[in-house]
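One letter stands for each residue in the lines below.
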There are 2 protein chains.
Amino acid sequence: MTNTPDMTELADKIRAGDRRALARAITLVESARADHRQQATALLQALGRDRQALRIGLSGTPGVGKSTFIEAFGLMLTGQGKRVAVLAVDPSSARTGGSILGDKTRMEQLSRDPRAFIRPSPSQSQMGGVARRTREAVALCEAAGFDVVLIETVGVGQSETMVSGMVDLFVLLIAPAGGDELQGVKRGIMEMADLILVNKADGDLKPTARRTQADYAGALRLLRRRPQDPEGIPKALCVSAVTGEGLATAWDEIAGLAAWRQTQGHWDNTRAEQALGWFAEEVRLQLMARLAADPALKGGVRALEQEVAEGRLSPAAAAARALGALDQG
Amino acid sequence: MTNTPDMTELADKIRAGDRRALARAITLVESARADHRQQATALLQALGRDRQALRIGLSGTPGVGKSTFIEAFGLMLTGQGKRVAVLAVDPSSARTGGSILGDKTRMEQLSRDPRAFIRPSPSQSQMGGVARRTREAVALCEAAGFDVVLIETVGVGQSETMVSGMVDLFVLLIAPAGGDELQGVKRGIMEMADLILVNKADGDLKPTARRTQADYAGALRLLRRRPQDPEGIPKALCVSAVTGEGLATAWDEIAGLAAWRQTQGHWDNTRAEQALGWFAEEVRLQLMARLAADPALKGGVRALEQEVAEGRLSPAAAAARALGALDQG
């Protein structure tokens, strides 16, 4: 970093709650251009980290009614005077391809709510990039003073692991199902869940939803309690985004767990650990970016990866060569 | 890397099955000394990757009878003429502190078996180091021509995640339990399991073991099948390390799953992915090692980590400074 660009004006606007400034800043952190990266880094530094939102990761496979849930849940929160930001993460962004229309039409009322801010997932790129810009977008929303930042993922697994590394709480939304329809949860995701919500617990599906809830509650009982969980967490509850039933209870669970973790110190510890993890990841990303900046080096790294994947070169030897190339570069 | 040390002689001895050479080589990869790292890297390169063992991760909390299981399971395999290596991973190595006696007395018969090789966990160090030397020790055992490499972990969570990134199969060993005794499995571990074995399914505990097996089988049914799993995987089975009941079946399941994944191409894909992951990790480790080599830089990185953890510096900015320091260093 030579002379860092001055980002104080944009930072002030964001902290003042200027939505267009926030949107512009998110576009900035989404850019991979070297000068944009530098500005983004300066901006985040200028914004500081004194404001914290409750970061909630929300996962659910297509069809569980995620959009309807976020719309209903978000409107309930804004109705209580809370400011809610919704960020969508979809690395395999076949869905909306990052079109704003996509997500906004999915949550029509919420997107018109002055207390809400909805940001669709940008068009696809490699996970490292998605992880970085998502967590930076979250940091921007926190600096903008939102009370709740909902990070929506599509239940493909990889993105959940990434998101669970940047949230305070992870909510898993599932659909009522019985017998063979079960097996709905991608491996690894249930483990991250701080709360499992069986959606569509209304009308004819209500009994099925209750059975599904009982199934998951049973499965969760087989897991050991984590230090950051009070007695009886994680829970499995029934909700209905349509009737609104269970939404308030779900929020009480979330708020209660967050409060408990704050008083116990788990909240700060987790955030500190997450930040250190990002630091290590940033070192790797920025080093790779340097290597990629030089066409010769870039080709070199690709070649090294090829050799490693084919087992012709050990990871340690390949890494040593990559760093060696960096010195000459 | 300047002039790479010649490791062909040691490599030849290892490939010839010289156990003392193997033990010496593992001690070498366990060393953090810069010149040792260089030799280790050269050795692994000289050994190549043409030999593959079936890498099995085995996890279970203290008390499930892990040692007794490995002893019985290992002796069954060596009895079939297979060569078995056992590596213990225990980052929180309060247990044996890496004393050879510790692990060898835990598996007395197996440790005297000429077809078996038991390597205790080295004394504790940070996870990055543990991960590197464990996967390098595994590579050494493969080059030494072992058919099966068992990597034992202690069920503390973090080490399982690490080990699952370097094995072909992950086996979770649990003890019979009912009602409140359940909650035995650390979150995240059940998700990695390709096979769950309820141990101690003998005598009075047999009925309890069957119930526990049914509980886990039920929980596993809630998980979606992964592409690398055939129908009905993962399974939960009962075994008894004491009577030997179920051990043969457990091996058939493991061998069958491994064979299926090989024919489907998942085996090679997984190994390639794992190798690429290690490459990225090695780049980070070696970069950190460079920074640590210079006392001034080392202090600098510590200070940066502190600022990141306290939220005074963004991970991206900290990483940029760390890399900047590298350039001056």
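Residues numbered from 1 in each chain as written. Chains lettered and ligands numbered in written order. Predicted model: local features only at pLDDT ≥ 70, side-chain atom pairs only at ≥ 80, totals over all residues. Heavy atoms only, no water.

Concerning the interface of chain B and chain A
The parts lose accessible area when they come together, and the size of an interface is often stated as this lost area.
In step 1: Listed per partner, the contact involves 64 residues of chain B and 64 residues of chain A.
In step 2: Together chain B and chain A conceal approximately 5,600 Å² of surface at their shared face, both sides included; 65% is due to carbon and sulfur atoms.
In step 3: Across the contact surface, chain B and chain A share 0 salt bridges.
In step 4: In this assembly, chain B and chain A are joined by 8 residue pairs in polar contact (both at pLDDT 80 or more).
In step 5: Tallying contributions element by element places helix α12 (residues 266-293) of chain B first for the side of chain B that touches chain A, with 13 residues.
In step 6: A per-class count over the side of chain B that touches chain A returns 35 nonpolar, 11 polar and 18 charged. (Contact = heavy atoms within 4.5 Å. Buried area = accessible area lost by both parts, 1.4 Å probe. Salt bridge = Lys/Arg side-chain N within 4 Å of Asp/Glu carboxyl O. Polar contact = N/O pair within 3.5 Å; in protein donor to acceptor, adjacent residues only side chain to side chain. Helix = DSSP H or I, 4+ residues; strand = E, 2+ residues; numbered from the N terminus. Nonpolar A, V, L, I, M, F, W, Y, C, P; charged D, E, K, R; others polar.)

So, the relation of the copies chain B and chain A
In step 1: In screw terms, the move from chain B to chain A is a rotation of 180° and a rise of 0.0 Å along the axis, fitting with an RMSD of 0.0 Å. Such values leave the two copies arranged in the relation of a two-fold axis. Identified as the residue of chain B closest to the rotation axis by C-alpha distance is A219(B), at 2.4 Å.
In step 2: With an isologous cut-off of 70% or more, the 100% of interface residues of chain B that recur at the interface of chain A puts this contact in the isologous class. (Least-squares fit on C-alpha atoms with pLDDT ≥ 70 in both.)

Structural notes on the domain arrangement of chain A
All names here are of chain A.
In step 1: The domain architecture assigned to chain A consists of domain 1 (1-48), domain 2 (50-264) and domain 3 (274-328).
In step 2: At the junction of the two partners, domain 1 supplies 17 residues and domain 2 supplies 19 residues.
In step 3: One can count 3 salt bridges joining domain 1 with domain 2.
In step 4: The partner of R15 in a salt bridge is D50, and the shortest N-O contact between them spans 2.9 Å.
In step 5: Summed over the shared surface of domain 1 and domain 2, the result is 8 residue pairs in polar contact (both at pLDDT 80 or more).
In step 6: Every element with two or more residues in the side of domain 1 that touches domain 2 is listed here: α1 (8-15), α2 (19-30) and α3 (34-47).
In step 7: Residues that form the side of domain 1 that touches domain 2 fall into these classes: 10 nonpolar, 3 polar and 4 charged. (Domains from an automatic or database assignment.)

What about the pattern of salt bridges?
Residue and element names in this part refer to chain A.
In step 1: Here the structure, examined in full by the defined rule, presents 36 salt bridges over all chains.
In step 2: For E253, the salt bridge identified is with K235, shortest N-O distance 2.8 Å. Taken as a pair, E253 in helix α11 (residues 247-264) and K235 in strand β7 (residues 235-238) lie far apart in primary sequence, 18 residues in all.
In step 3: We classify K235 as partly exposed; its relative accessible area is 32%.
In step 4: With its nearest N and O atoms 3.6 Å apart, the salt bridge here joins R312 to E307.
In step 5: Each member of the salt-bridge network shares a partner with another, and the members are R55, E142, D168 and R271. (Buried < 20%, exposed > 50% of the residue type's maximum accessible area, 1.4 Å probe, protein only.)

Considerations on the sheet that holds strand β3 (residues 116-119) of chain A
Residues and elements named next belong to chain A.
In step 1: Strands sit in the order β3-β2-β4-β1-β5-β6-β7 across an open sheet of 7 strands; the sheet is parallel. Both outer strands of the open sheet, β3 and β7, are each paired with one neighbouring strand and no more. Direction aside, the axes of adjacent strands within the sheet are offset by 20° on average.
In step 2: One ladder, built from 4 bridges, connects strand β6 (residues 195-198) with β7; its direction is parallel. Across the sheet, L197 pairs through a bridge with L237, a residue of β7.
In step 3: Sitting on the sheet, helix α4 (residues 66-79) touches β1 (54-59), β2 (84-89), β3, β4 (148-153), β5 (169-174) and β6, and the angle it makes with β4 is about 180°. (Pairing = 2+ DSSP bridges. Axes fitted to C-alpha atoms, helices over the stretch in contact; angles between N-to-C directions.)

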